[in-house]
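Structural characterization, general
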Amino acid sequence: MLGAAFSTFAISTTAQNFNIIPKPQEVKEGNGMFEIKSGLAISSDDAFCAEYLAEKIKNAAGVDVVTGGAGSATASNNCISIKVDKSAEIPQEGYKLLVTPERVEILASTGTGAFYGVQTLMQLMPSAIYGGATGFENWKIPAVEINDYPRFSYRGLMLDVSRTFFGLETLYKFADWLAYHKVNKFHLHIVDDNGWRIEIKKYPVLTQKGAWRGPGEVLPPTFGSGNKRYGGFYTQKEMKEFIKYCKERHIEVIPEIDLPGHSKAIAACMPEILCQKDKDFESVQGEIGNVFCVGREENYKILDNIIKEIASIFESDYIHIGGDEVAMENWLHCNRCKELMEREGMTSADQIQNYFVKRMSQIVEKYGKKMAGWDEIIDGGELDKNTRVYAWKSMKRAHASVSKGYPTIIQVGEYNYVDMKQSPLERGHNWAGIVPIEKTYSLDPCAGNSQYQFTESQAALVIGSQVGLWTELLNRPARFVEYQIFPRLAASAEVGWTNQNLREWNDFHKRLTESHYDRMYNMGIAFRIPWPEVIYEDNTLKVKKPFKSAVIRYTTDGSEPTVNSATYNGDIVTDKPQEFRFATFYNQFKSITVCASNVERYKYLTPDVEIESSLEAMSQRWSIDNIKDYDSKTYFRSNRKAQAGDYVTYKFKEAVKCSMIIVETGIPNIDFYGVTDGILEYSYNGVDFIKGAEFADNVATLHPDKPIKAVRISVTAPNDAHTLCLQDIKVVE
């Protein structure tokens, strides 16, 4: 029946009406609805698919469902048939879905395709299918024919669990969320400078010590972990169980052990792996002692033992060995590495890197795996053509990779790094620019860019793309990992699945906001919600909703809007626009809070100020003078970690009458390398200081009751970073 139905297939001009994400390749609307009711039978060649779907329907719709093998429901009109036919002319991950008023049929050539057919079928149901019973849904599925398959075989998410550790509960949730979006690769960055997250039985010290940071640990506190013990790891048994769970959902878990740089977690436990040198060289993150000595032969035995266990845990064909951001100067000052260079006829540091990468390739292949790494691994010499390259620096580097004949994954910062800010107002990095969802969606992985166009043969080597989340800034707020990834992952999923000629931003945005927000809400995802645009004109606050069904709430006293705040229903006439705050709400989730974009929240003063400090600048670029110029683009950066007893005093030339003083520390607009533990003191005469507020999340605020002469930051414990960054203080009239 299904084959006959699809023989008359026609592409629908109204495919977007179904609001499916990622968008199917071909859709034909039918007439009528299939009703889900008690006694529903689900038959399938794939037992997991049948039980998976049955459980979702029973929990959400509250109806009785009977499951059985293929053919068990073929005579019934109240049935869903899921058939896997290896001889069917359907792409490996593709499927055909037919919904009529009498029955539902899914046909695929693989279990993976059948599973993705089920995912599309679930998107045709009420969103409660993802979250359990609510009792108000109309459990009817619109009649439709869909012929669908992915554009790319690789559609992924990279999650860094080293810098911020995420427990198994979070990983399992993400596995479900990836499956719902037809994302089939979960790249786990499990080892970096800041924590070793996987049990290695040969070297238990790696998790006994290397999985933890804080006072008295081998790894110092950093990235907002504070002055306490922080960390965690996954046992081999736990990871194998998680991999099995992912495999059932057709997700490949790809491990990354970042080498030969980004290796402080292992070096802190086994310092013998480091180079013999009389000088330390910092990585771009400011780490020292984090580079394997390439000339020390014993290191390859250690790495062989580690890779042997990694290969036994992970079923993926690939092991990612990193290879990025290595402080190669270490090698050029190491006697063992210099001897290696002379012996091998090397003349440059990137040749040493290539030597190491080739050695790692041999080890990885020894255990039946293939090697992958970041785009730096293509420098310094040739590699096996099975090596998979993850291009992250730029499309230029992606072009270099495919030009050399390597299968390539696109995870380029300016499109795919979801640790980047989504707007200038939000937390996140910005070195790759602002990366809103529109930018992520705009990527065509095979196109290159205006300067580096891919030829047809080069484009054929692009096997997919993924978004990646590095987690330096993920310590807060709660569930920020979900906020940063979603809905940008939905955009990336469509980039990887849907043919380029079918993708268009306005169409995607409509499907996202009309239906997929509700699906994500029912999935339990704390996704990012865009805020309203607010302007003040003619004594009136005017608000533009970010999407059609948005609910805007506001306050009139400068406080944060809540679910109980007033709902915006029209223009607001006021002569105090600076007191109003607005936010978009989606049930209990809310956007960031904003005020009118053309109204200053506060009026800031810029009094003459002098600085006294126990800290010295890292360089002239980060001079102490930067924090008295009232330029938000400049800041001070110390040449060392701040310690208890360190201070920075802002002395005003004249006493300043003000309502509030805000002291924000860390890199401006990034919230990084600030005061972990400290007190903001103040003085009315410039000599005698009074204890004020304690720093929380790098910020402290004062409310002086008379003109103030000086403000002092007093550090009470080491900050959790290798440097301290400070900004101009904000003096509010």
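Section: the overall build of the protein
- The secondary structure content of the protein amounts to 18 helices and 36 strands.
- For the protein, whose C-alpha radius of gyration is 28 Å, the value lies close to the compact-globule estimate of 27 Å for 733 residues.
- Overall size of the protein, expressed as C-alpha extent along the three principal axes, is 90 × 80 × 45 Å.
- Considering the protein as a whole, with its 733 residues, one finds that 59% of them fall into the buried category.
- Pairs at least 24 residues apart make up 71% of the contacts formed inside the protein by residues separated by at least 6 positions.

Some words on the sheet that holds strand S21 (residues 551-555)
- If you trace the 4 strands from one edge of the open sheet to the other, you get S22-S21-S24-S25, paired in antiparallel fashion. For this open sheet the edge positions go to strand S22 (566-567) and strand S25 (589-590), each flanked by a neighbour on one side alone.

Some words on the side chain of Gln484
- Within the secondary structure layout, Gln484 lies in helix H16 (residues 480-485).
- Take Gln484: its relative accessible area is 2%, and that puts it in the buried class.
- Among the polar contacts listed, one links the side chain of Gln484 to the side chain of Gln422, at a separation of 3.1 Å.
- Leaving out residues up to four positions away in the same chain, Gln484 has contacts with Val418, Asp419, Met420, Gln422, Arg427, Gly428 and Leu469.

Topic: the packing of helix H6 (residues 236-248) against helix H8 (residues 298-313)
- With their axes 10 Å apart at the nearest point, H6 and H8 run at an angle of 40 degrees to one another. Relative to H8, the element H6 is oriented oblique. Across the interface between the two elements, Gln236, Met239, Lys240 and Ile243 from H6 touch Glu309, Ser312 and Ile313 from H8.
- Split by residue class, the contact of H6 with H8 holds 3 nonpolar, 2 polar and 2 charged.

Here's the deal with the state of the cysteines
- On inspection of all chains with the given rule, the structure shows 0 disulfides.
- The cysteine Cys334 is free of any disulfide, with Cys293 supplying the nearest cysteine sulfur at 3.8 Å.
- Among the cysteines around Cys595, which has no disulfide bond, Cys658 carries the closest sulfur, lying 20 Å off.

Re H8
- For H8, with 16 residues, the first-to-last C-alpha span of 24 Å sits near the 22 Å given by 1.5 Å per residue.
- Burial of H8 is extensive: 12 of the 16 residues sit out of reach of the surface.
- Looking at H8, one finds that the buried residues are Asn299, Tyr300, Ile302, Leu303, Asp304, Asn305, Ile306, Ile307, Glu309, Ile310, Ala311 and Ile313.

Comments concerning the sheet that holds strand S19 (residues 533-537)
- Pairing in this open sheet of 3 strands is antiparallel, and the strands run S19-S20-S23 from one edge to the other. The two strands at the open ends of the sheet, each matched to only one other strand, are S19 and strand S23 (572-573).
- Relative to strand S20 (residues 540-544), S19 runs antiparallel, the two being bridged by 5 bridges. The residue bridging Glu533 from the neighbouring strand is Lys544, located in S20.

Let's talk about the nonpolar core
- Among the nonpolar cores identified, the biggest contains 161 residues, and Ile57 and Phe582 are the most heavily contacted of them.
- Judged by nonpolar contacts, the second largest core, of 27 residues, contains Phe636, Ala642, Phe695 and Val715.

Section: the confidence of the model for the protein
- Residues with a pLDDT of 70 or more make up 97% of the protein, whose mean pLDDT is 95.
- Scored below 50 in pLDDT, residues 1-16 makes 35 contacts in the model with residues more than four places away or belonging to other chains.

Here we look at the pairing of strand S29 (residues 647-656)
- In this sheet, S29 lies alongside strand S27 (residues 609-613) in antiparallel orientation, the contact comprising 5 bridges. Looking at the pairing, Val609 lines up with Phe652 of S29.

Let's talk about the environment of Arg155
- Its location among the elements puts Arg155 in strand S8 (residues 154-160).
- A relative accessible area of 2% places Arg155 in the buried class.
- For the pair Arg155 and Leu340, spaced 185 residues apart in sequence, the C-alpha separation works out to 40 Å.
- The contacts of Arg155, once residues within four sequence positions are left out, are Glu93, Tyr116, Pro150, Lys182, Val183, Asn184, Lys185, Ser465, Gly496 and Trp497.
- For Arg155, the side chain forms a polar contact with the side chain of Tyr116, separated by 3.4 Å.

Cut-offs and rules
- Residues numbered from 1 in each chain as written.
- Predicted model: local features only at pLDDT ≥ 70, side-chain atom pairs only at ≥ 80, totals over all residues.
- Heavy atoms only, no water.
- Helix = DSSP H or I, 4+ residues; strand = E, 2+ residues; numbered from the N terminus.
- Rg over C-alpha atoms; globule rule 2.2 N^0.38 Å.
- Buried < 20%, exposed > 50% of the residue type's maximum accessible area, 1.4 Å probe, protein only.
- Contact = heavy atoms within 4.5 Å.
- Pairing = 2+ DSSP bridges.
- Polar contact = N/O pair within 3.5 Å; in protein donor to acceptor, adjacent residues only side chain to side chain.
- Axes fitted to C-alpha atoms, helices over the stretch in contact; angles between N-to-C directions.
- Parallel < 35°, antiparallel > 145°, perpendicular 65-115°, else oblique.
- Nonpolar A, V, L, I, M, F, W, Y, C, P; charged D, E, K, R; others polar.
- Disulfide = S-S within 2.5 Å.
- Expected span 1.5 Å × (residues − 1).
- Core = buried A, V, L, I, M, F, W, Y, C linked by side-chain atoms within 4.5 Å.
- pLDDT = per-residue confidence, 0-100.

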